[in-house]
Amino acid sequence: SLAARIPHKIAMELLLLGDTIDARRAYEVGYANAVVPAAVLDATAMDWAQRIAAQAPMPSRMLKRFVAEVLPRGPTERAGIARA
């Protein structure tokens, strides 16, 4: 959920006011990893995908599993795991 991914005060602002945010603000509050011009969006995404794919698969899997187990989850994610 949004509230679990960005600072509490920013999440409360967005949830209570109902405002939307643009890509720059999402980046500033830590909800987006990067902001790039639309003209290079696909190329940037492909670059990131190729860089990830070039990493050794076992350490990548281990890191993903570690993050999934250690980082806090939002209520929706916790509920989904509980149902599984």
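Residues numbered from 1 in each chain as written. Predicted model: local features only at pLDDT ≥ 70, side-chain atom pairs only at ≥ 80, totals over all residues. Heavy atoms only, no water.

A few words on the overall build of the chain. Of regular secondary structure, the chain possesses six helices and zero strands. Looking at the 84 residues of the chain, the share that counts as buried comes to 8%. Across the chain, every contact between residues at least 6 apart in sequence was considered, and the portion connecting residues at least 24 apart equals 35%. If you sum the accessible surface of the chain, you get close to 7,000 Å²; carbon and sulfur atoms cover 62% of it. (Helix = DSSP H or I, 4+ residues; strand = E, 2+ residues; numbered from the N terminus. Buried < 20%, exposed > 50% of the residue type's maximum accessible area, 1.4 Å probe, protein only. Contact = heavy atoms within 4.5 Å. Areas by Shrake-Rupley, 256 points an atom, 1.4 Å probe, with all protein chains shown as cover.)

Glancing now at the environment of Val 35. Within the element layout of this structure, Val 35 appears in the loop between α3 (23-28) and α4 (41-53). With a relative accessible area of 30%, Val 35 lands in the partly exposed category. Distance from Val 35 to Ala 23, taken between C-alpha atoms, is 6.4 Å for residues twelve residues apart in sequence.

Bringing the pattern of salt bridges into the picture now. Enumeration according to the criterion identifies three salt bridges in this entry. Of the charged contacts, one joins Glu 28 and Arg 25 as a salt bridge, the two residues approaching to 3.8 Å between their closest N and O atoms. Of this pair, Glu 28 and Arg 25 both sit in helix α3, separated by three residues, roughly a single helical turn. Assessed through its relative accessible area of 52%, Glu 28 is described here as exposed. Here Arg 25 falls in the partly exposed class, since its relative accessible area comes to 29%. (Salt bridge = Lys/Arg side-chain N within 4 Å of Asp/Glu carboxyl O.)

A few words on the confidence of the model for the chain. Mean pLDDT over the chain: 86, with 85% of residues reaching 70 or higher. Mean pLDDT across the elements of the chain ranges from a minimum in helix α6 (residues 75-83), with 68, to a maximum in α4, with 95. (pLDDT = per-residue confidence, 0-100.)

A cluster of nonpolar side chains, namely Phe 66, Val 67, Val 70 and Leu 71, defines an oily patch on the protein surface of about 370 Å² accessible area. Position of Val 67 relative to the elements: it lies in helix α5 (residues 57-70). (Patch = residues over 30% accessible without salt bridge, like charges linked within 9 Å, V, L, I, M, F, W, Y side chains within 5 Å.)

With that settled, consider the nonpolar core. With five residues, the main nonpolar core is built from Ile 6, Ile 10, Ala 11, Leu 14 and Val 29. Ignoring any residue separated from it by four or fewer positions in sequence, one finds Val 29 in contact with Ile 6, Pro 7 and Ile 10. (Core = buried A, V, L, I, M, F, W, Y, C linked by side-chain atoms within 4.5 Å.)

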